[in-house]
Amino acid sequence: MTDLLYELIYAFVSSLGFLSLFGMELGIEVNLPVVIAELMLTGVFLLYKRLKMTGRLILTGIIIMVIITGALLSTNDIIRRIVTDNISYLWLPVMGFAGFVAGELMCFSKIVSMIISAICIGWMAVCMLFGFGIEKLFVAAGFMIVILTLTEMIQASWEKQGHTGRKGHVVYLSPFILIIALFVFVMPAPDKPYDWGPAVKIYEFVTDTVEGLVDSISDLFSEDTGTNPAETAIGFSERGDIRGSVSGGGKKALTVSGLSTYVDQIRLSGQTFSDFDGKKWINNDRSDVHANLIDTISMCAAVDDYTDRDNDYARRTYVKIDYDRIDTDHVFIPLKSVPDNYSLQTDGYMEQGGNIRWPEARSKGSMYSISYFIQNKDNAIIDEYMEKVKAPTPESYKISERRLNINKLKGCDYEDYLSYVEHVKRTYSDAPALSPKLRAYMDSVYKGAKNDYEKMKRLEAELRKYEYSLNPGPLPDSIKDASDFLDYFVLQKREGFCAHFATAFVLLARAEGLSARYVQGYMANTKGKTSVNVRNQDAHAWPEVYFEGPGWVSFEPTASLNAGHFYWKTRAEKDLDKNPLVFDFTGEDEAEDGVGSVGLHIEWYMIVIPVAVGILFILLAFILRRMMNAIGFKKMTEGKKLVYLCEQNLVILRLLGVGIRTNETLYEYRLRLLGEDIKDVEFLKEYEIYLYKEEVSDGATDRINADKEKLLLLLKKKSIMKYLRYLMLDSG
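Notes on the structure follow.

What counts and how
Residues numbered from 1 in each chain as written. Predicted model: local features only at pLDDT ≥ 70, side-chain atom pairs only at ≥ 80, totals over all residues. Heavy atoms only, no water. Axes fitted to C-alpha atoms, helices over the stretch in contact; angles between N-to-C directions. Helix = DSSP H or I, 4+ residues; strand = E, 2+ residues; numbered from the N terminus. Parallel < 35°, antiparallel > 145°, perpendicular 65-115°, else oblique. Left-handed = near helix turned anticlockwise from the far one by under 90°. Contact = heavy atoms within 4.5 Å. Pairing = 2+ DSSP bridges. Phe/Tyr/Trp six-rings, centres within 6.5 Å; stacked < 30°, edge-to-face > 60°. Lys NZ or Arg CZ within 6 Å of the ring centre and 35° of its normal. Salt bridge = Lys/Arg side-chain N within 4 Å of Asp/Glu carboxyl O. Buried < 20%, exposed > 50% of the residue type's maximum accessible area, 1.4 Å probe, protein only. Core = buried A, V, L, I, M, F, W, Y, C linked by side-chain atoms within 4.5 Å.

### Some details on the packing of helix H20 (residues 638-655) against helix H22 (residues 683-693)
Here comes step 1: Interaxial distance between H20 and H22 falls to 10 Å at its minimum, and their mutual angle equals 135°. As far as their axial angle goes, H22 and H20 are oblique. The handedness of the crossing between H20 and H22 is left-handed. In this structure, H20 contributes Gly639, Lys640, Leu642, Val643, Cys646, Glu647, Asn649, Leu650 and Leu653 to the contact, and H22 contributes Phe683, Leu684, Glu686, Tyr687 and Tyr690.

### Topic: the environment of arginine 50
Here comes step 1: Examined against the element boundaries, arginine 50 turns out to sit in helix H2 (residues 32-50).
Here comes step 2: Residues arginine 50 and leucine 4, spaced 46 residues apart in sequence, show a C-alpha to C-alpha distance of 8.5 Å.
Here comes step 3: Excluding residues within four positions of it along the chain, arginine 50 makes contact with Asp3, Leu4 and Glu7.

### Some points on the sheet that holds strand E4 (residues 265-273)
Here comes step 1: The strand order across the open sheet built from 4 strands is E4-E15-E17-E18, with neighbouring strands paired in antiparallel fashion. The sheet terminates laterally at E4 and strand E18 (551-554), the two strands that pair on one side only. Pairwise comparison of adjacent strand axes, ignoring direction, gives a mean angle of 40° for this sheet.
Here comes step 2: Relative to E18, strand E17 (residues 539-547) runs antiparallel, the two being bridged by 4 bridges. Across the sheet, residue glutamate 544 finds its bridge partner in E18, namely serine 554.

### Some words on the packing of aromatic side chains
Aromatic rings in a pair are described by how distant their centres are and how their planes are angled relative to each other.
Here comes step 1: Overall, the coordinates contain 30 aromatic pairs when judged by the stated rule.
Here comes step 2: Here the aromatic residues Phe273, Phe276, Trp281, Tyr466, Phe485, Phe489, Phe501 and Tyr518 are joined through ring pairs into a cluster of three or more.
Here comes step 3: We note arginine 267 situated over the ring of tryptophan 542; from NZ or CZ to the ring centre the distance is 5.3 Å.
Here comes step 4: When the ring centre of tyrosine 446 is taken as origin, the NZ or CZ atom of lysine 455, which lies over that ring, is 5.6 Å away.

### Thoughts on the sheet that holds strand E16 (residues 531-535)
Here comes step 1: Spatially, the 5 strands line up as an open sheet ordered E9-E12-E7-E3-E16, and their pairing is antiparallel. Whereas interior strands pair on both sides, the edge strands pair on one side only; in this sheet they are strand E9 (337-338) and E16.
Here comes step 2: Sheet analysis places strand E3 (residues 252-257) next to strand E7 (residues 314-323), joined by 4 bridges and oriented antiparallel. What sits directly across from serine 257, in E7, is lysine 320.

### What to know about the pattern of salt bridges
Here comes step 1: Enumeration according to the criterion identifies 28 salt bridges in this entry.
Here comes step 2: Among the ionic pairs, glutamate 104 bridges to lysine 49, the shortest N-O distance being 3.1 Å. Residue glutamate 104 is found in helix H5 (residues 91-108), and its partner lysine 49 is found in helix H2; the two are separated by 55 residues along the sequence.
Here comes step 3: Classification of glutamate 104 as buried rests on a relative accessible area of 17%.
Here comes step 4: Owing to a relative accessible area of 33%, lysine 49 belongs among the partly exposed residues under this scheme.
Here comes step 5: A salt bridge links glutamate 384 to lysine 388, with the nearest nitrogen and oxygen atoms 2.9 Å apart. With glutamate 384 and lysine 388 both in helix H11 (residues 381-388), this residue pair falls 4 residues apart, about one helical turn.
Here comes step 6: Judged by its relative accessible area of 39%, glutamate 384 is partly exposed.
Here comes step 7: It is possible to trace a salt-bridge network through shared partners that takes in Arg439, Asp443, Lys455 and Glu512.

### So, the nonpolar core
Across soluble globular proteins, nonpolar side chains have a tendency to be buried as a group.
Here comes step 1: Ranked by internal contacts, the top residues of the largest apolar core, which has 72 residues, are Met442, Met456, Phe485, Leu486, Val490, Leu508 and Val545.
Here comes step 2: The element that contributes the greatest number of residues to this core is helix H17 (residues 498-511), accounting for 11 residues.
Here comes step 3: Residues within four places of leucine 508 in sequence aside, it is in contact with Leu434, Leu438, Met442, Tyr446, Leu459, Leu486 and Val490.
Here comes step 4: Counting 28 residues, the second-largest nonpolar core is a separate cluster that includes Tyr323, Ile333, Trp358 and Tyr522.

As structure tokens, this is what we get:
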């Protein structure tokens with residue numbers, strides 16, 4: 001039992017470590033039921049390892065039952081939908097097996113334990129230093145592995161008397177170690193990561209110094225090589241020309257911190273453009289209206305008109321932005337921002353054509369914050385929302401304007417909103433003429449689309465099939481206007497970087513009668529981190545399309561880039577998680593009160609067939625095992641037969657509750673059993689003679705087998721469950 005508990009401790013802790021480390025990345029919501037399921041799966045692997053062959057065959061039969069049941073139930077639409085929505089949970093057995101293997105390795109080698117402990121400590125230190133998100137469950141599991149390893153190292157250095165088993169000491173101490181781990185787990189974590197003030201400053205000083213030296217050396221040895229001036233490093237630029245190629249730029253431009261856990265991707269707009277001449281974008285929007293604030297107010301008002309569960313569709317969050325190696329008067333902001341003087345750290349800012357700028361250029365050391373609304377764009381509810389949502393009513397717009405316009409800026413009321421909508425239609429709807437071939441191609445892409453939003457989603461998916469390249473070559477001289485560009489890129493080249501894809505998307509959206517604009521800025525994947533460095537190579541261009549009500553909506557047509565936006569569960573989905581199904585074994589689809597319920601009709605064969613197959617497998621395996629044992633028994637020498645039968649009888653005696661004691665000889669054991677009125681133990685005398693003299697008397701195996709049958713009958717009378725356990729697990 002001690003060995004089993006020892007292995008369970010390491011296997012369970014390792015399994016929880018893998019679950020906490022990879023669970024969220026794989027889309028698994030780590031909660032108590034998931035933790036229990038993970039521990040059970042890990043226990044199954046450990047049980048499989050410790051069982052004898054017969055037990056393994058029975059466990060295999062049970063697993064076959066489960067698999068066949070799952071396969072049959074998957075024919076039900078509801079079950080299939082549930083499995084599809086929760087496909088990520090199929091990774092639980094994989095992580096359970098990984099935890100089992102890691103636990104066994106740590107039990108086998110203390111060197112492995114020390115290596116894994118060092119990895120846990122190192123990863124936690126890296127996460128704290130750089131502000132990466134880390135699960136409390138991983139911290140608790142990591143600390144428990146470290147403490148277990150230290151415990152064993154200390155135990156190994158002590159001189160002990162009495163019970164000196166290392167594993168036993170670890171098992172006895174494990175409840176106290178578990179208390180420490182639970183204390184770590186339940187302790188509330190701060191909302192903000194530790195800043196590690198001095199350490200962070202030292203790190204920033206070293207990295208800044210190294211980067212400065214690299215830049216100086218690069219400038220020292222750089223020279224004009226006569227390359228095409230269109231070939232330049234990636235980075236934010238006010239220019240809207242489409243270059244022939246771009247090269248990577250690894251310098252840090254911005255640091256974005258305070259990110260919400262819902263944010264997997266951050267887009268910071270710096271410059272928008274309205275007109276395209278075939279080879280470059282130009283911004284002819286000179287309006288000074290508060291476009292960003294009006295757009296955000298109208299979106300919030302439209303959501304309020306559409307639903308009373310506005311948090312299912314949009315949530316407000318904040319980010320802080322620090323300038324690093326950048327020198328510009330552009331303010332980089334997310335879509336649906338709420339700019340104000342206080343958060344932008346200025347007495348006044350300029351807004352022109354939807355772009356926000358400071359009166360003077362800012363560089364390293366400049367910092368500001370901005371609040372904005374993230375939209376639940378990767379949730380299926382958005383498709384219906386985009387189809388049915390309307391322009392906001394004056395009443396809801398007025399309420400949202402009062403809530404969001406904290407600086408009381410003029411020019412943001414409902415009449416200004418209506419004027420802004422008309423301005424957008426005039427300024428961002430210059431549609432190119434599509435050639436007959438391109439028109440036919442786009443009609444095939446849009447065929448069956450129910451609304452404009454679905455058209456744009458199809459356009460996004462179609463362009464993402466093209467090839468991404470940083471060196472597509474310059475645009476041909478034959479391109480004179482937007483129509484020529486579309487024919488070249490969409491019908492011929494189908495290769496380029498973000499500028500090509502965003503341009504094609506904007507022009508094709510306008511060709512469908514929609515207002516669309518070209519946006520330049522930065523885009524970075526956050527991967528759950530609360531802080532991220534944005535580098536020059538993260539400079540990006542993307543399209544935005546205007547829908548009355550939702551306002552400007554961004555898309556990602558660039559091939560090879562992450563198209564994900566934001567996702568969180570709605571209130572209805574959370575309620576469904578708590579009570580997902582009403583199981584209906586009668587086949588009725590209606591609840592007794594006449595109200596339709598979420599019914600699940602399970603046919604009898606979906607249960608009977610898997611159970612029958614599993615039992616048949618176990619029986620066949622049991623019979624086959626018996627036959628193999630019988631054949632093997634016949635091939636044994638008389639001495640091996642005697643030992644085999646005696647060991648079987650000892651197992652039966654143990655199940656009867658009269659097993660041999662520690663340091664008890666066979667002679668003493670036989671006398672004790674006879675004194676307890678257990679007569680069928682003469683096999684012990686035969687066993688003793690063989691062990692000491694290696695002699696087998698005539699008919700010894702027959703007499704021992706007779707004792708076995710009598711002992712089995714006694715076990716059957718005393719406990720039918722133990723009798724069945726012997727037949728299935730302990731009979732060899």
